[in-house]
Amino acid sequence: MTELTPLSDALLRWLPEQRWFGGKNRDLSEVSTRDAVTLLDGDPKLVHAVLRTPDGEYQLLVGRRRELPEHLAHARIGEVDGFVYYEAVHDTELMRRLLELIAEDTWVGGIHFAPEPGAQIVPSQRARPVGAEQSNTSVIYGQDYILKLFRRVVVGPNPDLQLHRALQSVGCKHIARPLGAITDEFVVLGILQEFLSGAAEGWAMATASVRDLMAEADLHAAEVGGDFAGESFRLGQSVAEVHADLRRALGGGQEGPERLYEAVQAMHRRLDTVLADVPELARYEPALRAVFEEARNGPSVVDVQFIHGDLHLGQVLRTATGWKLIDFEGEPAAPLAERNALRSPLRDVAGMLRSFDYAAQQLLVGNPADHQLEVRAREWTARNRDAFCDGYAEVGADPREQGPLLRALELDKAVYEVAYEHGNRPDWLTVPLASIARITAGED
Ligand SMILES: Nc1ncnc2c1ncn2[C@@H]1O[C@H](COP(=O)(O)OP(=O)(O)O)[C@@H](O)[C@H]1O
Ligand SMILES: O=P(O)(O)O[C@H]1O[C@H](CO)[C@@H](O[C@H]2O[C@H](CO)[C@@H](O)[C@H](O)[C@H]2O)[C@H](O)[C@H]1O
């Protein structure tokens, strides 16, 4: 029983509407809270809580006020005993408190708020939540800091924090500097980082380029003003440099045929799980399994290392000085042991190649079929995928030399995306399904 227990019914209604909640396809008959810790008392009050749901545990920061001001009305969760409870990430005053706690290097109710060694945090900054759709929730402070509050509560070492620290230790130029962390004994709850003000998200840049091309349906991708291939090339170089930095900081190794066998088995297992939830995938099952099996026919020794784990165009930011990679958390729903394992860097390449396809295809979803636009979309994808691989090959090994494994990893990622969209954004399910249809039919 916590202070928030009487709020359970309201939370049950509110939860499925939250973008970060991955259990939208589940039967939700009950949610409860545990470990409510008061971080600021008074009016407003700030409470940290963990929400127990059939989809696992989620972190929640709850504000409480006697009266909710107009500008916080959209954050309302429910009302109990004359108090209004709401999502605290929208409340500047309460979010400033979190930054103060980090700057002070403090423990509150078993939660440690700490700056990274050498970081000087100035708390007097106005806070605003990131507007973007995302799996976690981030708050921006002025032009200086961004605090990511993880939503899923996962016990164990957090790859996002660990890999940022490792990359920082070797002076990697493609990350935002880690500045602080919020942890309890077993769980990393948040990470404070340098805010890259003025940076553009790769996804926004790429989709703008596709839109440009579609507006000029008579021209080829290389001829329109918004051509993205130069950026894709530089992005490929940057990703290869981050892979090299990760090897420098944390080492790497090689794995033999047994591990390749195990990796292919894991692809089959993931497919089994997703098939059980998404019947629309069943028609592609034989073709998918055949591509996974083909991966065994490439080189039997594979280079492995720490990798990003969920690389896509939404995880890369273009600053004036080059590309930065963010969010080294891996796939949010994957088991921690898998996210912390040494894996082939080709997984990251496959993730990014999938993302070029996503950027081009999602603009066609919901529109009447148009052959010309479909041809243009495919041309854009092919051009940018090639440019990315060319850039990568300038710094590291050319990913295309491992064709069967790369293709299997891409389809494995597409199967993951089917599950992700099914659980988080059901309207987008057709994007990865259509890709699987095209790839397995040999059209891409
Ligand atoms: N260091 C940063 N500087 C500027 N913007 C950032 C930074 N880190 C994240 N963002 C913005 O916040 C969004 C979400 O961050 P991300 O770490 O990817 O969270 P999630 O795990 O929820 O996907 C990004 O898409 C980007 O727009
Ligand atoms: O950024 P997150 O760590 O939250 O990653 C999850 O959400 C992503 C979507 O926000 C999802 O990525 C998929 O959609 C992207 C476009 O929105 C696209 O660029 C990616 O290629 C596609 O996989 C990601 O899979 C998921 O883990």
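Because the structure is predicted, anything quoted here is derived from the model rather than measured. (Residues numbered from 1 in each chain as written. Chains lettered and ligands numbered in written order. Predicted model: local features only at pLDDT ≥ 70, side-chain atom pairs only at ≥ 80, totals over all residues. Heavy atoms only, no water.)

**Some remarks on the domain arrangement of the chain**
Structurally, the chain comprises domain 1 (5-88), domain 2 (93-194) and domain 3 (200-440). Taking only C-alpha atoms into account, the centre of domain 1 sits 21 Å from that of domain 2. Between domain 1 and domain 2 the total buried area reaches about 1900 Å² when both faces are included, carbon and sulfur atoms providing 60% of it. A per-residue breakdown of the area domain 1 buries against domain 2 is headed by Arg19, Leu39 and Gln59, which together make up 34% of the total. (Domains from an automatic or database assignment. Buried area = accessible area lost by both parts, 1.4 Å probe.)

**Details of the site of ligand 2**
Ser135, Asp310, Ser355, Tyr416 and Glu417 are the nearest of the 15 residues found near ligand 2. Considering ligand 2 on its own, with 530 Å² of exposed area, one finds that the protein chains cover 93% of that surface. Where the shell around ligand 2 is concerned, the elements lending two or more residues are α9 (346-361) and α11 (403-424). The biggest single contributor to the shell around ligand 2 is α11, with 3 residues. Counted by class, the shell around ligand 2 contains 6 nonpolar, 4 polar and 5 charged residues. (Near = heavy atom within 4 Å. Areas by Shrake-Rupley, 256 points an atom, 1.4 Å probe, with all protein chains shown as cover. Helix = DSSP H or I, 4+ residues; strand = E, 2+ residues; numbered from the N terminus. Nonpolar A, V, L, I, M, F, W, Y, C, P; charged D, E, K, R; others polar.)

**Observations concerning the packing of aromatic side chains**
Counting across every chain of the model gives 10 aromatic pairs. Summarising the aromatic geometry, the rings of tryptophan 203 and tryptophan 428 are spaced 6.3 Å apart at their centres and angled 40° between planes, so their arrangement reads as tilted. Here tryptophan 203, found in helix α4 (residues 202-215), pairs with tryptophan 428, found in the loop between α11 and α12 (430-440); they are 225 residues apart in sequence, far enough to count as distant. Residue class for tryptophan 428 comes out partly exposed when judged on its relative accessible area of 25%. Grouping aromatic residues by their ring pairs yields a cluster made of Phe228, Trp323, Phe356, Trp380 and Phe388. For the cation-ring pair, arginine 66 lies above phenylalanine 83, with the distance from its terminal atom to the ring centre recorded as 4.0 Å. (Phe/Tyr/Trp six-rings, centres within 6.5 Å; stacked < 30°, edge-to-face > 60°. Buried < 20%, exposed > 50% of the residue type's maximum accessible area, 1.4 Å probe, protein only. Lys NZ or Arg CZ within 6 Å of the ring centre and 35° of its normal.)

**Observations concerning the site of ligand 1**
The environment of ligand 1 is formed by 17 residues, the closest being Gln134, Asn136, Leu196, Glu201 and Asp327. One of the backbone N or O atoms of serine 135 is found 3.3 Å from an oxygen atom in ligand 1. At a separation of 2.8 Å, a nitrogen atom of ligand 1 approaches a polar backbone atom of leucine 196. Its free accessible area being 550 Å², ligand 1 has 89% of it covered by the protein chains. The class makeup of the residues in the shell around ligand 1 is 7 nonpolar, 5 polar and 5 charged. Inspection of the shell around ligand 1 shows a minimum of three residues originating in each of domain 2 (93-194) and domain 3 (200-440). (Polar contact = N/O pair within 3.5 Å; in protein donor to acceptor, adjacent residues only side chain to side chain.)

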